[in-house]
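Fold and contact review
Take a look at the letters that make up each chain.
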Amino acid sequence: MNSGRCAEKEGSPGLSDNGESREDSAGAKACGKSVVTCREDIEIISDFVAESLDNLGTIEVRLMDLEQDPKDTETINAIFRPFHTVKGVSGFLNFNRINKFAHVVENLLDKARNGELIINGEIVDVILESVDLLKRMIENVRDSLDTGSPSEGNEDTSRITLKIEGLILPVQAESKKLLGEMLIAKGTVTDADIKAALAVQQKEPEKKIGEILVEQEKINAKAVVSTLREQKRTDSSADMLQVKVDTKKLDSIVDMVGELAIAQSMLRQHEAIVNSRDRKLDQITNQLNLITAGLQNIAMSMRMVPIKNTFQKMLRLVRDLAKKAGKDIQLVMSGEDTEIDRNIMEEIYEPMVHMIRNSIDHGLEFPDERVAKNKPGQGTIHLKAYHRGGNIVIEIMDDGRGLNREKILKKAVSTGLIKHEDKLSDTEIDNLIFHPGFSTADKVTDISGRGVGTDVVKSKVEKLRGRVEVRSVTDKGSTFFMRLPLTLAIVDGMIVKVSNERYIIPTLNIQESFKPRENEYFTVKGEGEMIKVRNTLIPLIRLDRLLGLNGGGHPEQTRVAPWEKLVVVVENQEKRKCLLVDELIGQEEIVIKSLGGWLKDIKGIAGSVIMGDGRVGLILDVGGIFQMVSRES
């Protein structure tokens, strides 16, 4: 279906040959608009926008690969296809400016496919510029969909078009000569025929040699096509069949499976099932448990995507920022096939960008400085992802100068963040960089230096129930670790009982749990209650008092001896504290329910779960609890 067909109504102006209103056709083409009046067209264009942006997004990383191996036919074909698709569909939808520009870029890539052009840095730069321009034009279409007349905007394509033509023209004569020589070698045409065809082409440059020879009846079309095929390399890559599903439908399936898991858990713990002696009923219940668990695993896997797409975007970022900073930097990646929840992957892009910027601007030295330190002139950033302990870990490591702890301390003292007499470990000094607005940069650059980068990383990662750490060695480099849950839909946690209420502590934060002895309990002036854990005193947090249970912190509660209860040692941002609880109920993977409305900003609470008996349990936010205790003290 095209826009012209569904736009035609009784009493409307006549349509031109391509289906546009004759009154509007010229104006629409002139301003880059496609006249649309029906919902079906809007849906088709929405699909075109989504598909095109998705396809263009794959080009950048392939260009980086191609720059390393300019003759890789498979990679050239993979870059060629998105431009070809955008050109074809945009023409069908009457987005003529997109169509013409995509065709120009396609011609450049076709020369590379045929071996007439060798890809170099200049060509890669032009193609990257072309991708950016096409994205802007397609985004203009997306942003104007609601108007009923989507527009490509007024982006200037002439500058890049001239660049591309400048790259193509020097090889066109050689290309024509090559085709002519092949035809002469086959005995299909004579040298005089080719010269005559070239003379015609000088007057009509839009015509191709083969087309002119066919029109002059010097050769038939079949022979031209056969010769052209010999010039081209075959595309050996096979396309994988994929089915795209609306993400809203996917999320609905995951939510429904989560509800099913909760209902199944409630059924399993129901009194009638627990006390039943019916073996057949037990078999059916066990079978239901297995089916539900399997269905939940499949539903969760549907949300999991390789982190490759996010990693690959960093290639372009490193290339551009290194060029701007005047540094020679390579990006080495590993673990790109590591899978992570789609929603988490969307959120970690910004933290990763900040960390990469930090490494390029602050971490890695200029080539001459590196050589003076007996390092390779080219700096390296390693981007790595892997699974560990039910979580995903993302490492961003550089081989630069490392963190300047002396400078960090000086800045922290000058801003009042710490006192001059405070004694901090290396880890505590390193973690000062995550404070809001903290920056040791001497000047603000286009890349970084405003003190918002690492703070954003910390807040974003903690919002995802993860944590960020940094390790640094002077003149060896720095490594940032982002530890994240595999999915936001399920939390692996320890269920604890505090004053007849049940809470869930994420296992990501738990180090150990035990029942303390009386001689392991201390009170320290200015520090409060402490528990001795392997010769180290760790602050004790009484959760019942902090959360206002049983009367909101009645003095009687302080008389309950810690050795009569249990302690859970938790860690956040390299700091440890002991949580005093009444009972450890067990460890489970639990479907998370968000706290909506005014409940979502409650300090110390990350979310909620529906327990097997139908009651609600709250998930503790360990970082938030640490902040609550810090404010109290």
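A brief structural summary.

The rules we used
Residue numbers restart at each chain and count upward from 1, following the sequence in its written direction. Local features in this predicted model are restricted to residues of pLDDT 70 or higher, and side-chain atom pairs are both shown and tallied only at a pLDDT of 80 or more, whereas totals for entire chains, interfaces and linings draw on every residue. Side-chain figures throughout are based on the complete set of non-hydrogen atoms in the structure, without hydrogens or water. Between any two strands, at least two bridges found by DSSP are needed for them to pair. Each helix is a run of DSSP H or I of at least 4 residues and each strand a run of E of at least 2, with the numbering of both proceeding from the N terminus. A fitted line through C-alpha atoms serves as each axis, taken over the contacting stretch for helices, and the angle formed by two N-to-C directions is quoted from 0 to 180°. What makes a nonpolar core is a set of buried Ala, Val, Leu, Ile, Met, Phe, Trp, Tyr and Cys residues whose side-chain atoms join them at distances within 4.5 Å. Exposure is judged per residue with a 1.4 Å probe applied to protein chains only, and the accessible area is read against the type maximum: over 50% gives exposed, under 20% gives buried, and values in between give partly exposed. A contact between two residues is defined here by any heavy atoms of the two lying within 4.5 Å. Working definition: a ring pair exists when centres of Phe, Tyr or Trp rings (six-membered ring for Trp) sit within 6.5 Å. Plane angles under 30 degrees give stacked, over 60 give edge-to-face, the rest tilted. Basic side-chain nitrogens of Lys or Arg form a salt bridge, by our definition, when they fall within 4 Å of a carboxyl oxygen of Asp or Glu. Patch criteria: residues need more than 30% relative accessible area and no salt bridge. Like-charged residues are merged within 9 Å; nonpolar side chains of Val, Leu, Ile, Met, Phe, Trp and Tyr are merged within 5 Å. Under the convention used here, a 1.4 Å probe and the Shrake-Rupley method define accessible areas, while residue burial counts only the protein chains that appear. Helix crossings get a hand from a simple test, with the near helix turned counterclockwise from the far one by less than a right angle marking a left-handed crossing and a clockwise turn marking a right-handed one. Note on residue categories: nonpolar means Ala, Val, Leu, Ile, Met, Phe, Trp, Tyr, Cys or Pro, charged means Asp, Glu, Lys or Arg, and polar means any other residue, Gly included. Pairing of N or O atoms within 3.5 Å defines a polar contact, subject to two protein rules: one partner must be a possible hydrogen donor and the other a possible acceptor, and residues neighboring in sequence count only if both atoms are side-chain atoms. Comment on the angle field: the value is read as roughly parallel under 35 degrees, roughly antiparallel over 145, roughly perpendicular from 65 to 115, and oblique elsewhere.

For the rest of this paragraph, the subject is the sheet that holds strand β18 (residues 616–620). Strand pairing within a sheet occurs via backbone hydrogen bonds; the two strands may be parallel or antiparallel. Read across the open sheet, the 5 strands follow the order β16-β8-β9-β18-β17; overall the sheet is mixed. Only two strands of the sheet have a single neighbouring strand rather than two, namely β16 (583–591) and β17 (605–610). Sheet twist, expressed as the average angle between the axes of neighbouring strands with direction ignored, equals 35 degrees. Sheet topology places β17 next to β18; 5 bridges connect them, and they run antiparallel. The partner of Gly607 across the bridge, within β18, is Ile619.

Bringing the nonpolar core into the picture now. The nonpolar side chains of a soluble globular protein tend to be buried with one another. Membership of the largest hydrophobic core comes to 86 residues, with the highest contact counts inside it found for Phe83, Ile127, Ile348 and Leu484. At 11 residues, the largest contribution of residues to this core is made by helix α7 (residues 121–143). In this structure Ile127 touches Ile59, Leu63, Phe83, Leu108 and Leu109, once residues within four positions along its chain are discounted. Formed by 20 residues, the second largest nonpolar core is a distinct cluster that contains Ile505, Val568, Val581 and Val622.

A few words on the packing of aromatic side chains. Going through the model one piece at a time under the given rule, you end up with 3 aromatic pairs. Each ring, one from Phe48 and one from Phe95, has its centre 6.0 Å from the other, and the planes form 15 degrees; the classification is stacked. Taken together, the positions of Phe48 in helix α3 (residues 39–57) and Phe95 in the loop between α5 (73–92) and α6 (96–113) put the pair 47 residues apart, joining distant regions of the chain. With respect to burial, Phe48 and Phe95 carry one shared label: buried. Ring centres of Phe434 and Phe480 lie 6.4 Å apart, and the angle between their planes is 90 degrees; on these two criteria the pair is classed as edge-to-face. Here Phe434, found in the loop between α19 (426–431) and α20 (453–463), pairs with Phe480, found in strand β7 (residues 477–485); they are 46 residues apart in sequence, far enough to count as distant. Overall, the relative accessible area of 2% leaves Phe434 in the buried class. Phe480 gets classed as buried once you look at its relative accessible area, which sits at 2%.

All chains considered together, the criterion is met by 33 salt bridges. In this structure, the salt-bridge partner of Arg136 is Glu155, at a minimum N-O distance of 3.4 Å. One end of the pair, Arg136, is in helix α7; the other, Glu155, is in the loop between α7 and α8 (158–186), and 19 residues separate them in sequence. Owing to a relative accessible area of 39%, Arg136 belongs among the partly exposed residues under this scheme. Looking at Glu155, the relative accessible area reads 21%, which means it is partly exposed. Among the salt bridges present, the one from Arg517 reaches Glu520, with a minimum N-O distance of 3.3 Å.

A grouping of Ile253, Ile298 and Met302 is seen on the molecular surface, where their side chains present a nonpolar patch of about 260 Å² in accessible area. With respect to the helices, strands and loops of the structure, Ile253 is situated in helix α12 (residues 247–268).

The next point concerns the packing of helix α4 (residues 59–68) against helix α15 (residues 308–325). The contact between α4 and α15 brings their axes to 7 Å, and the two run at 65 degrees. By crossing handedness, the relation of α4 to α15 is classed as left-handed. Each of Glu60, Val61, Met64 and Glu67 in α4 lies in contact with α15, whose residues at this interface are Gln312, Leu315, Arg316 and Arg319. Residue composition of the contact of α4 with α15, grouped by class: 3 nonpolar, 1 polar and 4 charged.

To continue, consider the sheet that holds strand β14 (residues 566–572). Read from one edge to the other, the open sheet built from 6 strands follows the order β10-β14-β15-β13-β12-β11, with strand pairing classed as mixed. Strand pairing shows two members of the sheet lacking a second neighbour, β10 (510–514) and β11 (521–524), which therefore form its edges. Across the sheet, the axes of successive neighbouring strands diverge by a mean angle of 35 degrees, strand direction being ignored. Note: β10 against β14, 4 bridges, orientation antiparallel. Each bridged residue has a counterpart across the sheet, and for Glu512 the counterpart in β14 is Val569.

Turning to its location among the elements, Ser276 is positioned in the loop between α13 (271–274) and α14 (279–303). Reaching out from Ser276, the side chain makes a polar contact with the backbone nitrogen of Asp278 at a distance of 3.1 Å. Once you skip the residues sitting within four places of it in the chain, Ser276 turns out to touch Leu281 and Asp282.

It is at 11 Å that the axes of α6 and α7 come closest, and there the two elements cross at 160 degrees. Of the possible angle classes, the one that applies to α6 and α7 is roughly antiparallel. In this structure, α6 meets α7 at a crossing whose hand is left-handed. Packed against α6, whose contacting residues are Arg97, Ile98, Phe101, Ala102, Val105, Leu108 and Leu109, the element α7 presents Ile123, Ile127, Ser130, Leu133, Leu134, Met137, Ile138 and Val141 at the interface.

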